[in-house]
Each structure stands twice: as structure tokens, then as C-alpha cells.
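Next come the chains, spelled out residue by residue.
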Amino acid sequence: MNGAKVFVLHIALQGCLRATDVEYGITADTGGHIRYLLDLVSASGRNSAIDRMEIVTRAFHHAAYAECYAEPVETIDGTTRIVRLLTASDAYLVKEDLWTEHDSLVEALVAHIATLDRAPDVMHAHYADAGLIAARVSARTGIPYVFTAHSLGRVKLAAFDRDCAETAGLDRRIAIEEEAIAGAAAIIASSRDEAEVQYADYDAYDPGRIRVFAPGSDLKQFANCGTDARVDALINRFLDDPDKPAILAIARPVTKKNLAALVHAYGRSPALQAAANLVILAGTRDDSATLEPEIRDNIAELLQLIDRYDLYGKVSYPKQHRPDDIAAVYAHARTRRGIFVNPALNEPFGLTLLEAAASGLPVVATDSGGPNDIVETCGNGILVDPRSPSAITDAILKILADPALWSRYSAAGSLAIRAYDWDRHVQLYTGLLAEVVNAAPAVTDRKPELLLVSDIDGTLIGCAKGVDAFAAWHEAQTDVAFAIATGRSFHSAMAVLGQHDAPRPEILITSVGSEIYYRTVRGAVYDRDTEWDGIIAAGWDREAVAALIGQYAGLTPQSPLEQRRFKLSYFADGDMAAAERVRELLAEHGHSCSIIQSHGRYLDILPHAASKGTAVEHVRRRLGLEPRQVIVAGDSGNDIEMLRSSRHAIIVGNYSDGLGSRADLAHGYVAIGNHARGVIEGVAFFRDAAAGIDVEGIRKAS
């Protein structure tokens, strides 16, 4: 492609898809993925890298739905349109039945592409069936595709953990997902949980092909949302005391959204009923008897629970609302110092959580899926086990009972407006598409003159102007292979580098040296170094080490996302002796491990052979470089091994953990500049030294 503009063909087969006035909730499959797709297309239209888009879906007739869903073409604007393909059936099909149309969809899409004046550069498949269609069309046409799952069958299967109506057909769906994942040039995930936990259950899982891009959201309408008398009346007519705080939930009434658990929590807690009303917006409906079975059954269950717990006058459950009412609904809850609750069994992303955050509502959210990233980013609420009504109750009461905590969470939500921006998302998205379409030499296929390895947090990142300067400097370094060595996971590292516009590294050493990835000829893909995995696995008994720490060390584990196959991570809570205490404990039980403590707070336990330093040495040997051709840069305790073992070590000016005064780092160069500027300064120092220039003398004289 080499700078040419991109033609993207989106494939989205589920639900009732049209350009405007989408009837969200009219079917169980007409939900957030359509909102995501339309917002993505709208934002993509503002980006100069994309000049043409098509959204391909199925044409169908249904007596209860608008005739527009049978129209072959719907124009969105001058460069974007929706194309509805005729397939074997012209009936509306739920996602569980789309497999019957696979063959005819493939033929219809191949035929459609053949009629175009220009073939798409890349396809973007949304949901499992679209991914399978893309895989088969790609095999026929050579057009690569990226895949967004939106939700995954294995996650749903684990959430229910039993044979029931909700798990029917999941084996077929999972097989479809395996084919979609296996053929994708790249996979877009919305959260680390999705990238590192959910996809990991699939045979085709390849972490180096997955990129985490938090979806954007147009949150401006929620940032300063105000109440509306009509909306207030819509809610208040159910309530005896409408001025009490509101516990608000907005979700489609499908089983995975787990709204019944919230009603159970509320119904079983006199304290919760005394403290707040419960407000549930569960789609729109006229006659429940005409709804799809899953939606009808969930509505019936909610009404039965309200009756069982005798919650009349305490629960508001309007059956109708307009899309433009939602901002006023959030404002209704915020002005009453209420809370937004998402109790879903799994939430792939959590758009309503962003809307609630932007409106100033604290949140209580499921700990399964995207809410992990949202709450970590914004710091605006509490994550809970969605299967535990008592956990939901306790979290809500904790926030309601503490006015200062409510105010802190309310204010923190404003971060969502900056962090989840559509234009920013599309900037990262178009960069990925360019990498999918273009080929470039892989680092393992060439021999650079210099390998520069930098930590991320506190070293490369910390000053936006410094990152910009580094990006410009890096672009001119044609003989330098750029690598990252970080305590972050692969997906966390890639996400934060993208968020800060840092250059894309050719090599990533992640999870404190316990994983290594190399960028391949397709720039969107990274291959994991399985040879390194084998080297460090020797003598590592992860389960036994974790059991010892849990029993004797008194450390608090970091989140499940920070625990890796070759890394256990804990909070040391400022205990500077924690590392030595853990080392002695493990040695006493016959375990020789690498123990790394940084910033006084974080403690990582790795296999004995794993560290940033040993990983850098492994990469050096694999690239066929001499020790003099390697420069490393860091700022904190988890960089010590790497800095100590490298002949050319840069300690950036903003270092911590006493790096600048350590005797074992006396050979290093302590930069005057902070963060990325210090890295550039350090490389210049070592290059000048290699050229025979008396840089130390010049520096002392100045």
C-alpha cells in the first residue's frame, strides 16, 4: 500500500443493522457491536488514511421489522455504504442459525467483490460468523482480514458452566471462532482480559497477532448531561421516594447481562433498599409476549423477582425510553448521588460504563472482561464477582455510605472522555491496517549495527515531547534495531506505546524478561520466542512457588492479568526487605528464583534464568551481535539486572531506587535528560565514546 489510502470492507451479519435510528434491543443480537461498528465507520471517515468503506450484511424480510433491512444498498455518505447480500434464506436469522448461510454468504461476497471497480485492501470481520466468512473469502481472493470477536463462545460457555438454553449451539460457535482466529492477519481486542485471558482458551491463540485498542466513544453528550423532567417522570412514577439515590442498570435483558443477580442483591438487602432505589432500563418493549424467547424470559424473571421480594415502590422498570433519553437517565442518578451497576457474567468491553463514568456516576462492575481496563484507567469504582449478590451489595453500600469516596469516583470518571476517544482509536486502527497490508523486513532477517533496548514506564515514557523527539530520532536510525524491555505484558506494552505515539519496537521483552516477541514480515504480527520459553522453564514450579508465597510471605497478589506463565507478581506495600525475605523462603524450600523488587511497591518472582538482562543477552546472540553493539536504558529496580549485565547502560536522569549511586552500575551513563531525552543523550554518549571522543572529559568541563 505504501502510503495509499485504504478501502476497508466490514462484514457484520448479526442483528438489525442500518445507518441511523438503530432499533437497539429489538432482537437479542441488535446490540453494542452495531453501535461500535457505526461509530468506527463514522470516525474512520474523518481519517485521511481511509478513503472508502463498505459494510456488508445480510438482506432479510420480517413482518415485525422495517423493510429497509431488505434494501440491497443503503448509502451513508459519498464514500461509505451498507451492502445487503441476498443469500439462501431471506428470513431474519438469530446468530445461532447463521451457520446455515455460510456457503451462500461466501459465494455472495466473492461475487460482490468481483463487481467492484477496486478490490478492498482489507476486510474487517465482526463476530464469529463474519470471521469465518472473511477467512474463506480471504482464501479465495487473497484479501487479508482483521477480526473483532466482540464476545467469545468459550467465555459464554464458562460463564454458564452447564447445559442450558444459553449454551445450546456453543460448540459450533467455538469451532467457527477457531477458524476465524486462525486465519486473521490481526485480531483487535478491546481489553487486556480479552487478549490475554479469553483468547488464550482457543487452540488458534497467538498473542503476537492480537492488539488491544480500547473502543472510542462519543462521551461529550454525557459529560455535562442534565436532567429532563419527562425522563424523571418516566422513572419516578414507579417509586415511593423518588429522591433517594438511584442504583442504575442499563442493559439488554439477556441472560449474560445478569440483571437478575442485581435484583436478587437488592431484594435480599434491607440496608440497600433503605439506602437507594433500583432503576433498570432493560431495552424497550410493547407487549412482552411478542419478544424473542430469551428477552421475554428475562423480562418475566425480573418482574417475578420484584414481586417475590415485594419491591414495589422501590424499583423502577420503564418499558419504553428513547435513545436520546439515556444521558438524562444518567443525570437522574448522578443528581441523587447514585451508582451505575454492570453485573454481566462477562462484559467484552462496557460502553455503558464509559457513559456512566463520563456523566459522573461511580460504578460497580463485573470483574470479567473490559471493565477491568476501564476501572483501572479511570479509578472510578469497584470490580466485583458477578455471581456473588453479596459482593455486589457490599460494593454498592461501600460507595453509598462514604460521601468522600463517591465524590472521588464521580470526579475520576472524567478521565474516560480523554482515554476513550474515537479519533484516537482510529489513528491506532489505521496504523494496524497499514501494517496488515504492507510487508517490511523482519529484524531476525537482517543484522543491525546497534540494538537499543529501553524500558517503557519512567524511561521511554513520562514526557510527551520527549517521546515525540525520540520518535523523530528513531526514524533516522536506519542501522538501529529498537527493542523494549518492560515489566508489562505484551498487550499492555503494545497498548501503552500506541497511546503515547511511541515508535513500534521490532522486539519486545515483556513481563520482566520472561517473554520475548519479534516483529515479523507482516508488521502487525509478533512471533513469540519459544526457544526462550524452553530455556527459562527448567526448574520452574510455578504452582509450588505460588503456594509458598500465599502461605508464608504475607504479600498481596497483583491482579490476575499480571500473573503469567513465567511470572508471579505481588504488592510489597513499601516493605523494602520483602525481596530478601521471599528469596530466603523459596531457597529454604529448594526453589531458586529471580526476585525483582521495584519502586518499593512491586515484587516479581520469575524462573531463575529469567530477567531483563538474560533476555537481552539471548536476543543479542540470536541477532548475531557483539556485546559492544548493545545499549540498554532504564530507570528503576526492575531494570537493574539489565543495566548491570550490559557494557553500555543508560540510567535516565529521573531514575529511582538509587540507581545512580549503585556501585554495580558505576559503568553506566547517568543522563542529564529525563525519560526519552535521556535515552537519546545516552546513545550519543556511547557512540561518541566508540568513536574515540573524550566525552567524559567534555562533560566534566561543561
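Cut-offs applied
- Residues numbered from 1 in each chain as written.
- Predicted model: local features only at pLDDT ≥ 70, side-chain atom pairs only at ≥ 80, totals over all residues.
- Heavy atoms only, no water.
- Helix = DSSP H or I, 4+ residues; strand = E, 2+ residues; numbered from the N terminus.
- Rg over C-alpha atoms; globule rule 2.2 N^0.38 Å.
- Buried < 20%, exposed > 50% of the residue type's maximum accessible area, 1.4 Å probe, protein only.
- Contact = heavy atoms within 4.5 Å.
- Areas by Shrake-Rupley, 256 points an atom, 1.4 Å probe, with all protein chains shown as cover.
- Lys, Arg positive; Asp, Glu negative; His and termini not counted.
- Charge placed at Lys NZ, Arg CZ, Asp CG, Glu CD.
- Pairing = 2+ DSSP bridges.
- Right-handed = clockwise from strand over helix to strand, strands pointing away.
- Expected span 1.5 Å × (residues − 1).
- Axes fitted to C-alpha atoms, helices over the stretch in contact; angles between N-to-C directions.
- Parallel < 35°, antiparallel > 145°, perpendicular 65-115°, else oblique.
- Nonpolar A, V, L, I, M, F, W, Y, C, P; charged D, E, K, R; others polar.
- 1 Å grid on protein atoms, 1.4 Å probe; cavity = no way out; pocket = protein on both sides within 12 Å on 5 of 7 lines; lining within 4 Å.
- Points joined across faces, edges and corners; volume = space filled by probe spheres on them.
- Salt bridge = Lys/Arg side-chain N within 4 Å of Asp/Glu carboxyl O.
- Phe/Tyr/Trp six-rings, centres within 6.5 Å; stacked < 30°, edge-to-face > 60°.
- Arc of directions from axis to C-beta.

Asker: I'd love a proper account of the overall build of the protein chain, names of residues and values included.
Answerer: Counting its regular elements, the protein chain contains 27 helices and 26 strands. Radius of gyration (C-alpha) of the protein chain: 27 Å, near the 27 Å computed for a compact globule of 702 residues. For the protein chain, the proportion of its 702 residues judged to be buried stands at 59%. For the protein chain, the proportion of contacts with a sequence separation of at least 24, taken over those separated by at least 6, is 69%. Per element, the accessible surface of the protein chain, about 27300 Å² overall, is 51% carbon and sulfur. Each charge sign in the protein chain was given a centre, from 69 positive and 93 negative side chains, and these centres are 2 Å apart.

Asker: A description of the pairing of strand E13 (residues 363–366) should follow, citing residues and the corresponding values.
Answerer: With 3 bridges joining them, strand E12 (residues 339–342) and E13 adopt parallel strand pairing. Counted as the bridge partner of Val341 is Val364 from E13. Between E12 and its parallel partner E13, the chain crosses via helix H13 (residues 351–359), and the hand of that crossover is right-handed. Across 4 bridges, E13 lies against strand E14 (residues 381–384) in parallel orientation. Within E14, the residue paired with Val364 across the bridge is Ile382. Considered for its hand, the β-α-β crossover made up of E13, helix H14 (residues 371–378) and E14 is right-handed.

Asker: Tell me about helix H2 (residues 102–115), and please be specific about residues and values.
Answerer: With 14 residues, H2 should reach 20 Å at 1.5 Å per residue; the first-to-last C-alpha distance of 20 Å fits that figure. Within H2, the full set of buried residues consists of His102, Ser104, Leu105, Val106, Ala108, Leu109, Val110, His112 and Ile113. On the buried face of H2, the contacting elements are strand E1 (6–12), strand E2 (50–58), strand E4 (80–85), helix H3 (128–141) and helix H5 (170–183).

Asker: Describe the packing of helix H9 (residues 259–267) against helix H11 (residues 293–308), naming the residues involved and giving the relevant values.
Answerer: Between H9 and H11, the shortest axis-to-axis distance is 10 Å and the interhelical angle comes to 5°. One way to sum up the angle between H9 and H11 is to call them roughly parallel. Within the contact between the two elements, H9 uses Leu259, Ala260, Val263 and His264 and H11 uses Glu301, Leu302, Leu305, Ile306 and Arg308. Looking at the contact of H9 with H11 residue by residue, the classes come out as 6 nonpolar, 1 polar and 2 charged.

Asker: Give a description of the sheet that holds E12 that names residues and reports values.
Answerer: Taken in spatial order, the 6 strands make up an open sheet running E11-E10-E9-E12-E13-E14, and their pairing is parallel. A single partner strand is all that each edge strand has here, and the edge strands are strand E11 (315–316) and E14. Here H9 sits on the sheet in contact with strand E9 (246–250), strand E10 (277–281), E11 and E12, set at roughly 170° to E10. Sitting on the sheet, helix H12 (residues 326–335) touches E9, E10 and E12, and the angle it makes with E9 is about 155°.

Asker: Please set out empty space enclosed by the protein residue by residue, giving values where relevant.
Answerer: All chains considered together, the criterion is met by 6 cavities of 30 Å³ or more. As a volume, the largest cavity reaches approximately 160 Å³. The wall of the largest cavity is formed by 16 residues, among which Lys95, Glu96, Asp129, Gly169 and Arg173 lie closest to the centre. At the level of secondary structure, the elements contributing two or more residues to the lining of the largest cavity comprise H3 and H5. Of the residues forming the lining of the largest cavity, the biggest block, 4 residues, is contributed by H5. For the second largest cavity, the calculated volume is near 120 Å³. The wall of the second largest cavity is formed by 13 residues, among which Ser151, Leu152, Lys156, Lys256 and Asn346 lie closest to the centre. Ranked by the residues each element gives to the lining of the second largest cavity, the list is headed by helix H4 (residues 153–160), at 4 residues. Split by residue class, the lining of the second largest cavity holds 7 nonpolar, 2 polar and 4 charged.

Asker: Can you explain the sheet that holds strand E16 (residues 480–485)? Please cite residues and give values.
Answerer: Sheets are built from strands paired through backbone hydrogen bonds, the pairs being either parallel or antiparallel. Taking strand neighbours across the sheet as the criterion, the 8 strands line up as E19-E18-E17-E16-E15-E24-E25-E26 in an open arrangement whose pairing is mixed. With one partner strand each, in any of the chains shown, strand E19 (526–528) and strand E26 (669–670) form the two edges of the open sheet. Direction of pairing for strand E24 (residues 630–634) relative to strand E25 (residues 648–651): parallel, over a ladder of 4 bridges. Bridge pairing in E25 links Ala633 to Ile650. Against the sheet, helix H20 (residues 490–499) engages E16, strand E17 (507–510), strand E18 (515–519) and E19, with an angle of about 125° to E17.

Asker: Quick rundown of the pattern of salt bridges? Include the residues and the values.
Answerer: Following the criterion strictly, the structure yields 44 salt bridges and no others. For Arg52, the salt bridge goes to Asp117, with nearest N and O atoms at 3.0 Å. A residue pair is termed long-range when its members are at least 10 positions apart, and Arg52 in strand E2 and Asp117 in the loop between H2 and strand E5 (122–126) qualify at 65 residues. Classification of Arg52 as buried rests on a relative accessible area of 18%. We note a salt bridge from Arg140 to Glu107, for which the minimum N-O separation is 3.1 Å. Of the two residues, Arg140 is situated in helix H3 and Glu107 in helix H2; the sequence distance between them amounts to 33 residues.

Asker: For the packing of aromatic side chains, give the residues involved together with the corresponding values.
Answerer: Throughout the structure, instances matching the rule amount to 16 aromatic pairs. For the pair Phe238 and Tyr317, a centre-to-centre distance of 4.7 Å together with 45° between the ring planes defines the contact as tilted. Placement of Phe238 in the loop between helix H8 (229–236) and E9 and of Tyr317 in the loop between E11 and H12 is noted, with a sequence separation of 79 residues between them. Judged by its relative accessible area of 18%, Phe238 is buried.

Asker: Lay out the environment of Ala481 with the relevant residues and their values.
Answerer: Looking at where Ala481 falls in the secondary structure, it is placed in strand E16. The spatial distance from the C-alpha of Ala481 to the C-alpha of Asn654 is 24 Å, given a sequence separation of 173 residues. Residues in contact with Ala481, not counting those within four places in the same chain, are Val443, Arg446, Pro448, Leu450, Leu451, Leu452 and Glu506.

Asker: Talk me through H4; I want residue IDs and the actual numbers.
Answerer: Within H4, the full set of buried residues consists of Gly153, Val155, Lys156, Ala159 and Phe160. Summarising the axial view, the buried residues of H4 lie within an arc of 160°, below the 170-degree limit, and thus occupy one face. Along its buried surface, H4 packs onto H5 and helix H6 (192–198).

Asker: Can you break down the environment of Val652 residue by residue, with the values?
Answerer: As for its placement among the helices and strands, Val652 is situated in the loop between E25 and E26. Residue class for Val652 comes out buried when judged on its relative accessible area of 0%. Along the chain, Val652 and Ala633 lie 19 residues apart, while their C-alpha atoms are 7.1 Å from each other. Aside from chain neighbours lying at most four places away, what touches Val652 is Gly458, Thr459, Gly634, Asp635, Ala671, Gly673, His675, Gly678 and Val679.

Asker: Give a description of the pairing of E5 that names residues and reports values.
Answerer: Within E5, 5 of the 5 residues are buried, which leaves it mostly tucked inside the rest of the structure. Of the two faces of E5, the one carrying Val122, His124 and His126 and the one carrying Met123 and Ala125 are both buried. Bridge analysis of E1 against E5 gives 5 bridges, and the strand direction is parallel. Pairing of Leu9 across the sheet is with Met123, part of E5. Where the polypeptide runs from E5 across H3 and back to strand E6 (residues 145–148), its parallel neighbour, the crossover connection is right-handed.

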